[in-house]
Amino acid sequence: MIKIKRISNRLDKDKIIIFIDGWLSNELIYLLDRESIPENFGYIQYDYSDDLLCSNPIKTKKNFLALINKIENDLAKLQDKKPRNFYMYGQSLGTLFCMIVADKVYIKEIKLLVPGYNLAEAFWFGKSTQKLKNEMVIKHNMNLVKLKNYWKEISPDNYFKKKSIKTKFNVTISTNDSVIPTENGKKLIKLIKSKNIPIRISKTILPHTIEIIKEGLFVSNFNEWVNGLK
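As a starting point, this report considers the structure included with it. (Residues numbered from 1 in each chain as written. Predicted model: local features only at pLDDT ≥ 70, side-chain atom pairs only at ≥ 80, totals over all residues. Heavy atoms only, no water.)

## Side note on the packing of aromatic side chains
Our working definition: Stacked, edge-to-face and tilted are the three classes for Phe, Tyr and Trp ring pairs, Trp counted by its six-membered ring, which pair at centre distances within 6.5 Å; planes under 30 degrees apart are stacked, over 60 edge-to-face, the rest tilted. By the criteria applied, helices consist of DSSP H or I runs no shorter than four residues and strands consist of E runs no shorter than two, each listed in order from the N terminus. We call a residue buried when its accessible area falls under 20% of the maximum for its residue type, exposed when it is over 50%, and partly exposed in between, using a 1.4 Å probe and counting protein chains only.
For the coordinates displayed, the defined rule picks out 13 aromatic pairs. When the centroid spacing of 6.1 Å and the interplanar angle of 55° are considered together, the rings of Phe-41 and Tyr-87 count as tilted. Of this pair, Phe-41 sits in strand 3 (residues 41-48) while Tyr-87 sits in strand 4 (residues 85-91); the two residues are 46 residues apart in sequence, bridging distant segments of the chain. Comparing Phe-41 with Tyr-87, the two get one shared label, buried. Ring geometry for Phe-222 and Trp-225: centres 6.0 Å apart, planes at 45°, overall tilted.

Now the structure itself:
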């Protein structure tokens, strides 16, 4: 069973920011971001064990759904106590959970850092997941077509149909990304635009991991985003 850790503060506030970690990340990645949040915001951060994503496609799907359902249920309970605005901030694999949850629970605005479009494609061609992919091919006789079909329920491109079409998106993609290949991120932007969903796009030339580390250490972009939330 995967471990899911929740870090939270000021959940009585009317504005709540939800952070979701990326794969192989550390809960400290958002430490400076959390500390910079204005007092009129609350926050929740979800950190999960590295084995959430593994070479077993069945187990991975089960793990992903467990995290998605936990976030969805947590936010629903908060909303039941009193109406409030939710905002999400995710990086890398964490962006997937942001996008799926946003189609289930209304999120006013989302910031996505180096996201992807299709989970199976990102997994199959991404640099960091090649070992897991090769194990999946050997142990589970998997190919990309079969994996796309099996992972539909946990892939962002199968959403953007309900509540998320009313969400505002702020997306940063890297033009030098081999972890989640750049073309995967471009497909996401094309999908969002095709739904006429409000989107602000920024680009970085930094590689995937370096961009994430930079954003975690220098919080000016995060603060600018937070200051623009309404």
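Moving on from the coordinates now.
## Topic: the packing of helix 2 (residues 57-81) against helix 3 (residues 93-102)
As a reminder, the rule being used: Note on geometry: axes are C-alpha line fits, over the in-contact stretch for helices, and angles between N-to-C directions span 0 to 180 degrees. In what follows, roughly perpendicular refers to angles from 65 to 115 degrees, roughly parallel to angles under 35, roughly antiparallel to angles over 145, and oblique to any angle outside these ranges. If you view the pair so one helix is near and one far, a crossing is left-handed when the near helix is turned anticlockwise from the far one by less than a right angle, and right-handed when it is turned clockwise. In this description, contact between two residues means that some pair of their heavy atoms is separated by no more than 4.5 Å. Only Asp, Glu, Lys and Arg are considered charged in this grouping, and only Ala, Val, Leu, Ile, Met, Phe, Trp, Tyr, Cys and Pro are considered nonpolar; every other residue, Gly among them, is considered polar.
Orientation of helix 2 relative to helix 3, taken along the N-to-C sense of each, is 50°, at an axis distance of 10 Å. Classed by the angle they form, the pair helix 2 and helix 3 counts as oblique. For helix 2 against helix 3, the interelement crossing comes out right-handed. Here helix 2 contributes Phe-64, Leu-67, Ile-68, Ile-71 and Leu-75 to the contact with helix 3, which in turn contributes Leu-93, Leu-96, Phe-97, Ile-100 and Val-101. A breakdown of the residues in the contact of helix 2 with helix 3 according to their chemical character gives 10 nonpolar, no polar and no charged.

## A look at the pattern of salt bridges
Counted only if it meets this: Whenever Lys or Arg places a side-chain nitrogen within 4 Å of a carboxyl oxygen from Asp or Glu, that contact is recorded as a salt bridge.
A full pass over the atoms with the stated rule returns 12 salt bridges. The shortest N-O distance in the salt bridge between Lys-5 and Glu-27 comes to 2.9 Å. Taken as a pair, Lys-5 in strand 1 (residues 4-9) and Glu-27 in the loop between strand 2 (15-20) and helix 1 (31-36) lie far apart in primary sequence, 22 residues in all. Judged by its relative accessible area of 39%, Lys-5 is partly exposed. In this structure, the salt-bridge partner of Lys-70 is Asp-74, at a minimum N-O distance of 3.4 Å. Of the two residues, Lys-70 and Asp-74 are both situated in helix 2; the distance of 4 residues between them amounts to about one turn of the helix.

## Digging into a nonpolar patch on the surface
Worth spelling out the cut-off: Within this analysis, patches are made of residues with over 30% relative accessible area and no salt bridge. Like charges are joined at 9 Å or less; nonpolar side chains (Val, Leu, Ile, Met, Phe, Trp, Tyr) at 5 Å or less. Using the Shrake-Rupley algorithm and a 1.4 Å probe, accessible areas are obtained, with residue cover drawn only from the displayed protein chains.
A cluster of nonpolar side chains, contributed by Leu-32, Ile-210, Ile-213, Leu-217 and Phe-218, occupies part of the molecular surface with about 480 Å² of accessible area. Among the elements that make up the nonpolar patch, the one with the highest residue count is helix 8 (residues 208-217) (3 residues). Structurally, the position occupied by Ile-213 is in helix 8. Judged by its relative accessible area of 41%, Ile-213 falls in the partly exposed class.

## A word on helix 2
Put simply, the rule is: Here the expected span of a helix is defined as 1.5 Å times the quantity of residues minus one. Any pair of N or O atoms that falls within 3.5 Å is considered a polar contact. Within protein, one atom must be able to donate a hydrogen and the other to accept it, and sequence-neighbouring residues count only if both atoms are side-chain atoms.
Taking 1.5 Å per residue, 25 residues should reach 36 Å; helix 2 reaches 37 Å between its end C-alpha atoms and fits that length. The distance from a side-chain oxygen at the start of helix 2 to the backbone nitrogen of Ile-58 is 2.9 Å, and the residue carrying that oxygen is Asn-56.

## With respect to helix 8
Side chains that are three or four residues apart share a direction in an α-helix, a result of its 3.6 residues per turn. Note the threshold: The directions considered for the arc are those from the helix axis to the C-beta atoms.
Listed in full, the buried residues belonging to helix 8 are His-208, Glu-211, Ile-212, Glu-215 and Gly-216. One face of helix 8 carries all of its buried residues, which in axial projection span an arc of 130°. Of the surrounding elements, those touching the buried residues of helix 8 are helix 1, strand 4, strand 5 (109-113), strand 6 (168-174), strand 7 (199-204) and helix 9 (220-227).

## Re unusual backbone geometry
One non-glycine residue, Asn-141, lies in positive phi territory at about 50°. Considering the arrangement of structural elements, one finds Asn-141 in the loop between helix 5 (130-140) and helix 6 (144-150). Asn-141 gets classed as exposed once you look at its relative accessible area, which sits at 59%.

## A closer look at a positive patch on the surface
The cut-off we apply is this: Residues counted as positive are Lys and Arg, residues counted as negative are Asp and Glu, and His and the chain ends are not counted. By convention, the charge on Lys lies at NZ, on Arg at CZ, on Asp at CG and on Glu at CD.
On the surface, Lys-104, Lys-152, Lys-161, Lys-162, Lys-163, Lys-166 and Lys-195 cluster together to form a positively charged patch. Within the secondary structure layout, Lys-161 lies in the loop between helix 6 and strand 6. On the basis of relative accessible area, Lys-161 is assigned to the exposed category, the value being 58%.

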